[in-house]
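Overview (structure and organization)
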Amino acid sequence: MKSRKKGAEMVRARGGWWAAAALVTVLLLATLLGGGRVGLAVAATDGSAWLWSRTAGEVDRVNPDSGRVEQRREVRDARGHRVQVTQNDKFLLIHDLDTGRVSSLDLNGLGFSGRLDIGTRGDPHLAMGADGAALVERTSGAVRALDPATLRPVGPVLQLPGPLVGGEFDDAGQLWVAVPRQGTVIAVKVTAQGPTVVRTAEAAPPDHDLTMTVLDEGALVVDRGGRELVVATGGETRRVTAPVSLAGAMVPARTHGALAAVTVPGAGSVVTLGDVRKGGPVRSFPLTDPVQEPAVPFAGKVYLPVRETGQVRVFEPAGRQTGMLTMPAGRGDMELQVREGNLFVNAPGSTDALVVGGDGVARKVGKYPGGPGRGGERPDKPGGGASSPPPVPAPPGDPVFPYPLDPRPSPETPETPPSSRPGTPPPAGRTEAPRPPATPGSRTQSPRPPSRTPTTAPTTKSPTRTASPTSRPTAPRPTTPRPTTPRPSTPRPTTPRPSTPRPTTPRPTTPKPTTPKPTPTKPKPTQTSNPYTPAQVCNATAGGNYKVQRSSSFTGGRIYQLYSATTKKNCAVTMKTADIGKGTNVWVRLQSQTGGKVASDNGTFKYYAGPVFVQAPGDCVRYSGGASGASASAGWANCG
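Every value quoted in this text rests on a predicted model; they were computed, and no experiment measured them.

**Description of the side chain of Asp170**
- Along the chain, the position of Asp170 falls in the loop between strand S12 (165-169) and strand S13 (174-179).
- Buried and without a salt bridge, Asp170 has Arg254 as its closest oppositely charged side chain, separated by 6.4 Å.
- Separated by 2.9 Å, the side chain of Asp170 and the backbone nitrogen of Gln174 make a polar contact.
- With residues up to four places along the chain from it excluded, the contact list for Asp170 reads Trp176, Val214, Leu215, Asp216, Glu217, Gly218 and Arg254.

Below, the structure written as structure tokens:
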């Protein structure tokens, strides 16, 4: 009996040893091969981030601890394009903004699992939370749930009153969007059954210009038509008054942590909320550079990108500058994102990137071989390897934003359902979100029942045409037996039916007052003036007292050529006059006649391109520039 027990123990011991050995072998193979699901599943949750490299046309996974690129994946036919990368721990959504193509990358197997073409019209935006993904068509107001693996729509479409602002998930898994038309902010729950509205909160008066950033819980809505900041969470709404006017304010799409920042170029300041959930303390500090991107809060500091110099200034919430991140190759092209306790600063068109830890220490990342962070070997397939990015093609024309082409119905008339608006065909299974409390009052008039009554009684036209009773026997003569009995009583002329459709006639009269009403409200939320001047842009970058010498206008912008007697340099800048505050392709070029000096700038900018400088003593200069497909130029002048 004892020998049997001893033998069984030996068998169990050997079995456990072999099982452990097999497990170790599997882990080693997964580590060595780098393609096993075990190793990649762990790596996907280690705080790494995928960054876009425009020159190579690939996405690179950066390890924040080592500053090295550990995985690469080529994106077909996307080299040189503007690409937005959205990720969670399972999937990576790659959205080509120039073509509208979307690819889903499974991070467990590093294979493309789904593709979708959403086009470039309607301001489409992709958002992904921990468990789901959504496509937000901001112009039309449609919200669709997507399977992040296959990118196939799931469930019915949620139709909100477009246009929408924002569209990101908070840590609780709720998608937040703002509706400027109503002055509300809405929380949407996205599941496999589709999107549904779970909360609606008042944020501002209707038709105010709104922008928003999604918080760890809830959203911060900025009323650019005044000074109010509204913090909406799952159960309460808190209002805070900013110390400056918020016209033209900018915020990042997502804010991580308790600190929030609002960048206001028009007021030349940054507004900070020390504890956004408690509404303060509220502070502000001045901007020292013209900026085109919002400040990003991270680990109790404010990181302000300056695209013209390739620098990121670091401030305390009260405004004291504590550091400076320098990335010269990122001039004119920088993206900041916070992911799992790290701040990633990427220059999509260059070889450089930075990763900043919670301690504020920055590590350089070399995305290609030979870079400062030893980017490692690069696959041959993406190719490229050029140190400078190719010109970014102009994006296609965007629709009117932030208001759609269809007019807003007046309170006196029934609102046209979103599914019947032009450009938004009603898909199957569409569901409509409830409108705010003010809207049901306009629907209580029940305009449809009167319109149905005339159709049920077509004979009402005959009594209105003839006032005398003698004409009545003439109409029913073909059927002599029937008209003789009911017609002498003439009950129908005495009924109120003829009086109902004729005097009321709601349909002919209501369109007339509705057409002029929407026209004055449309321009209100649109930012029509550029918060910067050409002299401000040139002086802030190079110093000196630059004066405008000449300018040329084109559709959507104007090019300025300036000169400083102090620096003896010419400066050129293209200032946008349309799509202000929205990233579009803008470029400027300045050239000397005999010296052969050329300076140019080309990229996706919100306010201006440049400044570019050429020192040409005793020589003539010429300039050219444009935005979104339109351009202008000037000949040789300003010689000497």
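Moving on from the coordinates now.
**Re the environment of Leu354**
- Positionally, Leu354 belongs in strand S29 (residues 352-356).
- Setting aside anything within four residues of it in sequence, one finds Leu354 in contact with Leu325, Thr326, Met327, Leu343, Phe344, Val345, Arg363 and Lys364.

**Here we look at the state of the cysteines**
- Per the counting criterion, the structure on display carries 2 disulfides.
- The disulfide bridge from Cys538 ends at Cys571, spanning 2.0 Å between sulfur atoms. Disulfide Cys538-Cys571: the torsion about the S-S bond is -75°, which places it as left-handed. One end of the pair, Cys538, is in helix H13 (residues 534-542); the other, Cys571, is in strand S34 (residues 569-576), and 33 residues separate them in sequence.
- Numbered in order of appearance, the disulfide-bonded cysteines of the chain are paired 1-2, 3-4.

**Some points on H13**
- Within H13 the residues assigned to the buried category are Pro534, Val537 and Cys538. Axial view of H13: buried residues confined to an arc of 90°, hence all on one face.
- Where the residues of H13 are buried, they touch strand S32 (546-554), strand S33 (557-564), S34 and strand S37 (608-614).
- Positive backbone phi, at 75°, marks Gly543, one or two positions downstream of H13.

Parameters and conventions
- Residues numbered from 1 in each chain as written.
- Predicted model: local features only at pLDDT ≥ 70, side-chain atom pairs only at ≥ 80, totals over all residues.
- Heavy atoms only, no water.
- Helix = DSSP H or I, 4+ residues; strand = E, 2+ residues; numbered from the N terminus.
- Buried < 20%, exposed > 50% of the residue type's maximum accessible area, 1.4 Å probe, protein only.
- Lys, Arg positive; Asp, Glu negative; His and termini not counted.
- Salt bridge = Lys/Arg side-chain N within 4 Å of Asp/Glu carboxyl O.
- Polar contact = N/O pair within 3.5 Å; in protein donor to acceptor, adjacent residues only side chain to side chain.
- Contact = heavy atoms within 4.5 Å.
- Disulfide = S-S within 2.5 Å.
- Arc of directions from axis to C-beta.

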